[in-house]
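What the coordinates show
Single-letter residue listing:
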Amino acid sequence: MQTNKLTASALLICTCVIWDIQPMFAKFVVREMQPIPMVSIRYTIVALTLFAMLAWRGEKLLPPRRTWPALFTMGILGVCINNVTQFTGLQYSTVTNFTIIATLTPIVTALLSFVLIHERLHRLQWLGICSSLCGALYLLSNGSLAVILNLAFNIGDVLFFTSQVAWALYSIIVVRIIDVVSPFAIVAWSGLLGSLTTAAGAAYLGHFELPATLSPLAFGSYLFVIFAGGLLAMIFWNRGTGIVGPSQAAVFMNIMPLVGIVCGVLFLDEKFLAAQAVGGVLILGGVYLTTQYRTVAYRLTKYFMRRQRRQQAQR
């Protein structure tokens, strides 16, 4: 069980590293390509690649019939709503605002999981969620409350929040079918169903326009968005979420701002500030509390029992 959780943690951390970098590349693409065809083509390529991999591995291509409604819903949430609103939002708002709004995902996921699938969290897990949220906000604001209070929000930020709610719902559904459908097949079928639905709706409304060409920067960025953010990251996320559950998986998304700062220090010679250290400790401590709450609860119980015995002996 512990090995499975360590594997899930590694997969979810890798996912968040990829997704932390992805908005920068997506920003280059949406300058030259509309979000709807960008998303549709992205997930069609991802789906076809995964179908080829499933066939090569000799796995069944068709999932059980009872999972089709879930896969279709995941396609709508994960492709149509999450991706389209996120990439459209980047046309109106900033990567920074997207990162800040993404810190709300663990809270949204935990609340929706409690309401929809009755996933109950230990008090230590709620403490971990709050700790990671505070750490992310502290890190992004450099320890200044005024920075958060003075943020200006626009339609792009509303779209960002919509994308996070859709992603929370997607993660909840993953848990319901991960035992009967492999992570590869989930990404393939939900991606294909979502991309075809998105393309059909856009074509019907006359909003499916392809660019004549893409610059080398936009084309290279698009390859990253397709194969790193769309293929690898989605497989990693589905696998990790299937092990630890949607609420615990969502907490890992608060690592994303920390990853950006570490990359800046390592590759761009940026300075590591005290506020960043505080934020990093709160984020990592929150992730540890949320995923290892049983170990923490056991150690706390032992500590208080020893303390109580010592007090009784002194009397």
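Presented here is a report on the structure given in the accompanying data block. (Residues numbered from 1 in each chain as written. Predicted model: local features only at pLDDT ≥ 70, side-chain atom pairs only at ≥ 80, totals over all residues. Heavy atoms only, no water.)

According to the stated counting rule, one finds 7 aromatic pairs in the structure shown. Here Phe25 and Phe224 contribute two aromatic rings whose centre-to-centre distance is 4.4 Å and whose plane-to-plane angle is 25°, an arrangement assigned as stacked. With a gap of 199 residues between them, Phe25 in helix H1 (residues 2-30) and Phe224 in helix H10 (residues 216-244) connect regions that are remote in the sequence. Classification of Phe224 as partly exposed rests on a relative accessible area of 21%. When the ring of Trp167 is compared with that of Tyr170, the centres are 4.6 Å apart and the planes differ by 10°; the resulting orientation is stacked. Note that Trp167 and Tyr170 are positioned in helix H8 (residues 155-177) at a spacing of 3 residues, about one turn of the helix. The exposure class assigned to Tyr170 is buried, which follows from its relative accessible area of 1%. Site record: aromatic cluster; members linked through ring pairs are Trp19, Trp167, Tyr170 and Trp237. (Phe/Tyr/Trp six-rings, centres within 6.5 Å; stacked < 30°, edge-to-face > 60°. Helix = DSSP H or I, 4+ residues; strand = E, 2+ residues; numbered from the N terminus. Buried < 20%, exposed > 50% of the residue type's maximum accessible area, 1.4 Å probe, protein only.)

This next bit is on the environment of Phe236. Of note, Phe236 is situated in helix H10. Those residues in contact with Phe236 that lie beyond four places of it in its chain are Leu11, Cys14 and Thr15. (Contact = heavy atoms within 4.5 Å.)

Looking now at the side chain of Thr67. Note on placement: Thr67 falls in the loop between helix H2 (35-56) and helix H3 (68-89). Not counting chain neighbours up to four residues away, the residues in contact with Thr67 comprise Ile177, Val180 and Val181.

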